[in-house]
Amino acid sequence: MKTVLHVEQLSGGYSPKRAIIHDLNMDIKEGEMIGLIGVNGAGKSTTIKHILGLMTPHRGVVTINGTTLEEDVELYRSSYTYVPETPILFDELTVEEHLRLTAMAYGVPQEQFSQRAEQLLERFHMTKKRKAISAHLSKGMKQKVMIMSALLAKPSLFIIDEPFLGLDPLGIRSLLEDLVEVKHAGSAILMSSHILSTVEHYCDRFMMLDQGRIVAQGTLQDMLQQASQHSQQNVTTLEDAFYAMLNGGEA
Ligand code: ATP
């Protein structure tokens, strides 16, 4: 499988003098969903901002489909969609207009747009709200607009920062099912989340960050194995592994 996201020896932070993330390495291939996990302040969002090209690394390389941001800004940025933790929408645009805008930005042809937009509105129970301006949407509905826009664009790489906050259980289920679908269609997904009991069942591999460094990575089995070396207790879930690795070794 082709590598979509390649991160090599990435270090960076908010000031040139102080690194927040240190020597990160990761590869995400087509059809893979990776869970980025770690305590508050571990550096997940900072890592994501570097991958998005919103922050300049102190050191290291990030490529999407083999291209760096410097080599081709437009190609790089059109290769991913980003769903931030807090929805960012245009207050005066309707749900439908947001979807149309995304379709235009990502060059989705008109027929495909109409079909996909209808499906997404239905799946996320937003058909009745299609004409509502975003200022009049609930928090979870705003998050759904961001998610539907990302799914509509169908890029090579989805970067999703803590997507479950604010979504109702039906929305969470629709999101996860759709992510599995885009993954099977060949997209790569990097998703940060604290909802370990959910991501445990969906991600192919995990990356655990602590103080800006990767402290464990691999499949669920790999994570459990690595964590059990830090604990006297039975480590059977991702949450156990998280406690064992990040809570002073007590699972
Ligand atoms: P959370 O789970 O709480 O979202 P996170 O793993 O995403 O946490 P980051 O937001 O990447 O953590 O924060 C990593 C470190 O960077 C923290 O020490 C934080 O205080 C610092 N930091 C975050 N944003 C900024 C900023 N804009 N300027 C300076 N330091 C920042």
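Thresholds applied
Residues numbered from 1 in each chain as written. Predicted model: local features only at pLDDT ≥ 70, side-chain atom pairs only at ≥ 80, totals over all residues. Heavy atoms only, no water. Helix = DSSP H or I, 4+ residues; strand = E, 2+ residues; numbered from the N terminus. Rg over C-alpha atoms; globule rule 2.2 N^0.38 Å. Buried < 20%, exposed > 50% of the residue type's maximum accessible area, 1.4 Å probe, protein only. Contact = heavy atoms within 4.5 Å. Areas by Shrake-Rupley, 256 points an atom, 1.4 Å probe, with all protein chains shown as cover. Near = heavy atom within 4 Å. Polar contact = N/O pair within 3.5 Å; in protein donor to acceptor, adjacent residues only side chain to side chain. Nonpolar A, V, L, I, M, F, W, Y, C, P; charged D, E, K, R; others polar. Domains from an automatic or database assignment. Buried area = accessible area lost by both parts, 1.4 Å probe. Salt bridge = Lys/Arg side-chain N within 4 Å of Asp/Glu carboxyl O. Core = buried A, V, L, I, M, F, W, Y, C linked by side-chain atoms within 4.5 Å. Pairing = 2+ DSSP bridges. Axes fitted to C-alpha atoms, helices over the stretch in contact; angles between N-to-C directions.

Within the chain, the secondary structure is distributed over nine helices and nine strands. The C-alpha atoms of the chain give a radius of gyration of 18 Å, which matches the 18 Å a tight globule of 251 residues would have. Reported as C-alpha extents along the three principal axes, the dimensions of the chain are approximately 55 × 40 × 35 Å. Counting all 251 residues of the chain, 50% fall into the buried class. Contacts in the chain between residues at least 24 apart in sequence constitute 66% of all its contacts with a sequence separation of at least 6. Split by element, the accessible area of the chain, about 12,300 Å² in all, is 50% carbon and sulfur.

So, on to the side chain of Lys-144. Along the chain, the position of Lys-144 falls in helix α5 (residues 139-153). Given a relative accessible area of 6%, Lys-144 falls into the buried group. Dropping the residues within four chain positions of it, Lys-144 is found in contact with Phe-124, Met-126, Leu-167, Asp-168 and Gly-171.

Looking now at the site of the ligand. The immediate surroundings of the ligand are formed by Tyr-14, Ile-20, Val-39, Asn-40, Gly-41, Ala-42, Gly-43, Lys-44, Ser-45, Thr-46 and His-194. Thr-46 places a side-chain nitrogen or oxygen 2.5 Å from an oxygen atom of the ligand. Relative to its unbound accessible surface of 640 Å², the ligand loses 60% to contact with the protein. Of the residues contributing to the shell around the ligand, the split by class is four nonpolar, six polar and one charged.

Further remarks concern the domain arrangement of the chain. How big an interface is tends to be expressed through the accessible area that disappears when the partners come together. Once the domains are mapped, the chain shows domain 1 (1-79 + 155-220) and domain 2 (89-153). When each unit is reduced to the centre of its C-alpha atoms, the spacing between domain 1 and domain 2 is 23 Å. Counting each side, the surface lost to burial between domain 1 and domain 2 is near 1,200 Å², with a carbon and sulfur contribution of 62%. There are three salt bridges connecting domain 1 and domain 2. For the interface between domain 1 and domain 2, the tally reads three residue pairs in polar contact (both at pLDDT 80 or more). Elements supplying a minimum of two residues to the side of domain 1 that touches domain 2: α2 (73-78) and α6 (169-184).

Here we come to the environment of Phe-158. Checked against the element boundaries, Phe-158 lands in strand β6 (residues 157-161). Each C-alpha atom, one on Phe-158 and one on Leu-190, is 6.2 Å from the other, the two residues being 32 residues apart in sequence. If we ignore the near neighbours within four places in the chain, the residues touching Phe-158 are Thr-81, Ala-150, Leu-151, Val-182, Ser-187, Ala-188, Ile-189 and Leu-190.

Our focus in this paragraph is the nonpolar core. Met-148, Leu-179 and Met-191 are the most contacted members of the largest nonpolar core, which has 49 residues in total. Considering each element in turn, this core owes the most residues, seven residues, to α5. Domain assignment of the residues forming this core places at least three in each of domain 1 (1-79 + 155-220) and domain 2 (89-153). One finds Leu-5, Leu-36, Ile-48 and Ile-64 within the second-largest nonpolar core, a separate group that totals 26 residues.

Here we have three strands laid out as an open sheet, ordered β2-β1-β4, and antiparallel in their pairing. Two strands close off the open sheet at either side, each with one partner strand: β2 (21-29) and β4 (59-64). Neighbour to neighbour, the strand axes of the sheet diverge by 10 degrees on average, direction disregarded. In terms of strand pairing, strand β1 (residues 3-12) meets β2 through six bridges, oriented antiparallel. Bridge pairing in β2 links Thr-3 to Lys-29.

What follows concerns the pattern of salt bridges. As enumerated under the stated definition, the model contains nine salt bridges in all. The partner of Lys-144 in a salt bridge is Asp-168, with the nearest N and O atoms 3.7 Å apart. A residue pair is termed long-range when its members are at least 10 positions apart, and Lys-144 in helix α5 and Asp-168 in the loop between β6 and α6 qualify at 24 residues. The class for Asp-168 is partly exposed, based on a relative accessible area of 33%. Three or more residues joined by partner-sharing salt bridges are found here, namely Glu-96, Glu-118, Arg-130 and Lys-131.

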